Every structure is written in structure tokens, then in C-alpha cells.
Amino acid sequence: MISLIIMDADGVLINGDKFSDALHRDYDVDLAKEKEFFTTKFQECLVGQADLKEAIGPYLASFGWKGTADELLEYWFKTEHGINEDLMGYIRKLRASGVPVVLATNQEKYRTQYMLEHMGFDGAFDKIYSSAHVGLKKPDTAFYTHIVDDMHASKGQTLLWEDDQRNIDGALASGIKAESYTDYSSFVTTMRDKYQLAI
């Protein structure tokens, strides 16, 4: 029996263009320069230890970006604004049937806010766990344990849907169940046949 569903955002609920790929395509930014930022300073932003607008400032010139940090973030968030409407509809039905559904995502604070205000995530879940607010990020087992404890759930009855194998491995290591999300049809089939959750 599953008593708590945890959903991932990017690659599962969100399927827009990847920002780094779009920036390279639209503005011919060197992917190596992007990688330098995303593998260093950005990681601090993800756990609330740095402010993205301040952290990305020194990189704007190397990115070849002529505008402000605010304008870059607006481009970024709109680029990745693609919502899996079928999945969101399924989640609404799940919650209506009495199964709590939460969102667990590695995000810095500004994109977290964008998701709430512009992507319709505010009120769409029983709770939203953003790494920037929790201070932990996937695949840290403590991140999943925090969610289960905060929701007063049982690890053995908690199921994560995720597209990143590293995060799936972290979830399994924490003691919760986890499935790899590939497409909506397979998701529905697995929920029905493996977990007896037919909506």
C-alpha cells in the first residue's frame, strides 16, 4: 500500500527545453563555461547557501549575455516552462482520492518561486520540498528522510517518481520505493498494475 507519492519536477512534471542547451543554441554560449558555473557556485544556490542573482553575475560576460541577471533568469525560467499536463491531472485525481502527493526538487529559491507563481504548482501538491528551503538536495538520503518524517509517513509506503538514476538510487538507499519516469502511459500502467492505484 502506498500512502505518500513524491514527484520530481524537471524531467517528470516539467519538460521544457534545458536552459544550458537553449543558451548555447540561442546565444552561442560555450558549454564549458556554463558547466563551470553549474558545477560550482550554482550548487551552493541549490541548498540556499548563495543567492543566484549574485552568484551568476560574474559569469554574465563569459556567457556573452548582454542583459541583466534578472533578464537572464526570466529567459531561463521561461525556456524551461513546459508542464506535463496529463501528469498534473493525474495528481489532482490522486489527491482527490485521498493519496497525498508532494513535490521534491533540487531548485534554487527564485525558480522555486517561479514554479509556485507561474507554473501553477502553488496548491497543486500537499507540500513542496525545494532543496533551497530544506538545505539538502537529492540524492542525499537525508533529503528523503526529511520529507517522510515531515509528512508523518512510512518509508515502506512512500513512492518516488524520478527521471535521474542517481536520485532513484538515493531514494532506495533511504528506504523508500522509487520508479523511473519515462512517459505518462508507462507511469499509469505501473501505478495501476504494480501499486494498485487506478485513477
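Assigned secondary structure in the chain consists of 12 helices and five strands. Relative to the compact-globule value of 16 Å for 199 residues, the chain shows a C-alpha radius of gyration of 17 Å, a close match. Dimensions of the chain, computed from C-alpha atoms along their principal axes, come out at roughly 55 × 30 × 25 Å. The buried share among the 199 residues of the chain stands at 46%.

This brings us to the packing of aromatic side chains. The description of an aromatic ring pair rests on the distance of the ring centres and on the angle between the ring planes. This structure, assessed with the given rule, holds 24 aromatic pairs. Summarising the aromatic geometry, the rings of Tyr 90 and Tyr 184 are spaced 6.4 Å apart at their centres and angled 80° between planes, so their arrangement reads as edge-to-face. With Tyr 90 in helix α7 (residues 85-96) and Tyr 184 in helix α12 (residues 184-193), the pair connects residues that are 94 residues apart, well separated along the chain. Ring centres of Trp 161 and Tyr 181 lie 6.3 Å apart, and the angle between their planes is 80°; this geometry places the pair in the edge-to-face category. Within this pair, whereas Trp 161 is found in strand β4 (residues 158-162), its partner Tyr 181 is found in the loop between β5 (177-180) and α12, the two being separated by 20 residues in sequence. Both residues of the pair, Trp 161 and Tyr 181, belong to the buried class.

Within β4, five of the five residues are buried, which leaves the element mostly enclosed by the surrounding structure. As paired elements, strand β1 (residues 4-7) and β4 share four bridges and run parallel to each other. Its bridge partner being in β4, Ile 6 is matched across the sheet by Leu 160. With four bridges joining them, β4 and β5 adopt parallel strand pairing. Residue pairing across strands places Trp 161 opposite Glu 179, the latter belonging to β5. Note that the unit made of β4, helix α11 (residues 165-174) and β5 has a crossover that is right-handed.

This part covers the side chain of Glu 108. Inspection of the secondary structure assignment puts Glu 108 in the loop between β2 (101-105) and α8 (109-118). One buried charge, Glu 108, has no salt-bridge partner; the nearest side chain with opposite charge is Arg 111, at 6.6 Å. Within the structure, the side chain of Glu 108 is placed 2.6 Å from the backbone nitrogen of Arg 111, a separation counted as a polar contact. Apart from the residues lying within four places of it in its own chain, the contact partners of Glu 108 are Phe 42, Cys 45, Leu 46, Leu 52, Phe 77 and Ala 132.

Turning our eyes to something else, we now look at the environment of Trp 65. Relative to the helices and strands, Trp 65 is located in the loop between α5 (60-63) and α6 (69-79). In this structure Trp 65 comes out as buried when scored by relative accessible area, which is 13%. Residues Trp 65 and Asp 28 lie 37 residues apart in sequence; the distance between their C-alpha atoms is 10.0 Å. Other than its neighbours up to four places away in sequence, Trp 65 contacts Leu 23, Tyr 27, Leu 60, Glu 71, Leu 72 and Tyr 75. At 3.1 Å, the side chain of Trp 65 and the backbone oxygen of Thr 68 are in polar contact.

What counts, and at which threshold
- Residues numbered from 1 in each chain as written.
- Predicted model: local features only at pLDDT ≥ 70, side-chain atom pairs only at ≥ 80, totals over all residues.
- Heavy atoms only, no water.
- Helix = DSSP H or I, 4+ residues; strand = E, 2+ residues; numbered from the N terminus.
- Rg over C-alpha atoms; globule rule 2.2 N^0.38 Å.
- Buried < 20%, exposed > 50% of the residue type's maximum accessible area, 1.4 Å probe, protein only.
- Phe/Tyr/Trp six-rings, centres within 6.5 Å; stacked < 30°, edge-to-face > 60°.
- Pairing = 2+ DSSP bridges.
- Right-handed = clockwise from strand over helix to strand, strands pointing away.
- Lys, Arg positive; Asp, Glu negative; His and termini not counted.
- Salt bridge = Lys/Arg side-chain N within 4 Å of Asp/Glu carboxyl O.
- Polar contact = N/O pair within 3.5 Å; in protein donor to acceptor, adjacent residues only side chain to side chain.
- Contact = heavy atoms within 4.5 Å.

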